Amino acid sequence: MNYTYIKFENQTYGEKAVSLLAGKGIKANLRRNPNPNHKQGCNFALFVSGNIWDAYDIITKNHIKNLGVESYRERL
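Below is a short write-up of the structure. Since we're looking at a predicted model, the values are computed, not measured. (Residues numbered from 1 in each chain as written. Predicted model: local features only at pLDDT ≥ 70, side-chain atom pairs only at ≥ 80, totals over all residues. Heavy atoms only, no water.)

Side note on unusual backbone geometry
Positioned with a positive phi, H63 is a non-glycine residue whose angle comes to about 60°. Residue placement: H63 occurs in the loop between helix 2 (52-61) and strand 4 (69-73). Take H63: its relative accessible area is 72%, and that puts it in the exposed class. (Helix = DSSP H or I, 4+ residues; strand = E, 2+ residues; numbered from the N terminus. Buried < 20%, exposed > 50% of the residue type's maximum accessible area, 1.4 Å probe, protein only.)

Here's what the structure looks like:
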């Protein structure tokens, strides 16, 4: 399975993004990054039900610090 998500260096930024998106009617779920890069901190991943790029634009325009969009494919 393939996952696309928005990365955050810590839980606080991720929770701010979840709250912002909820206010705009977009459901989002914050979890630990399934494919972390430990050089970038704790690494949390925001999964969105809907268009990830619309959510990313909203988060960026509201100046919530993030590490960009990433895709991860589960290994069999």
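Overview of helix 1 (residues 11-23)
Taking 1.5 Å as the rise per residue, helix 1 with 13 residues should run 18 Å; its terminal C-alpha atoms sit 18 Å apart, in good agreement. Where helix 1 is concerned, the buried positions are G14, A17, L20 and L21. All buried residues of helix 1 project into a common sector of 125° when viewed along the axis, lining one side. More than 90 degrees from the buried face of helix 1, the exposed residues found are S19 and G23. In this structure, the buried side of helix 1 is in contact with strand 1 (2-8), strand 2 (28-32), strand 3 (44-48) and helix 2. Measuring from the backbone nitrogen of T12 back to the side-chain oxygen at the start of helix 1 gives 3.2 Å, which picks out N10 as the cap. (Expected span 1.5 Å × (residues − 1). Arc of directions from axis to C-beta. Contact = heavy atoms within 4.5 Å. Polar contact = N/O pair within 3.5 Å; in protein donor to acceptor, adjacent residues only side chain to side chain.)

Points about the environment of T12
Structurally, T12 is set in helix 1. Taking relative accessible area as the criterion, T12 reaches 47% and is therefore assigned partly exposed. In sequence terms T12 and F44 are 32 residues apart; their C-alpha atoms lie 9.5 Å from each other.

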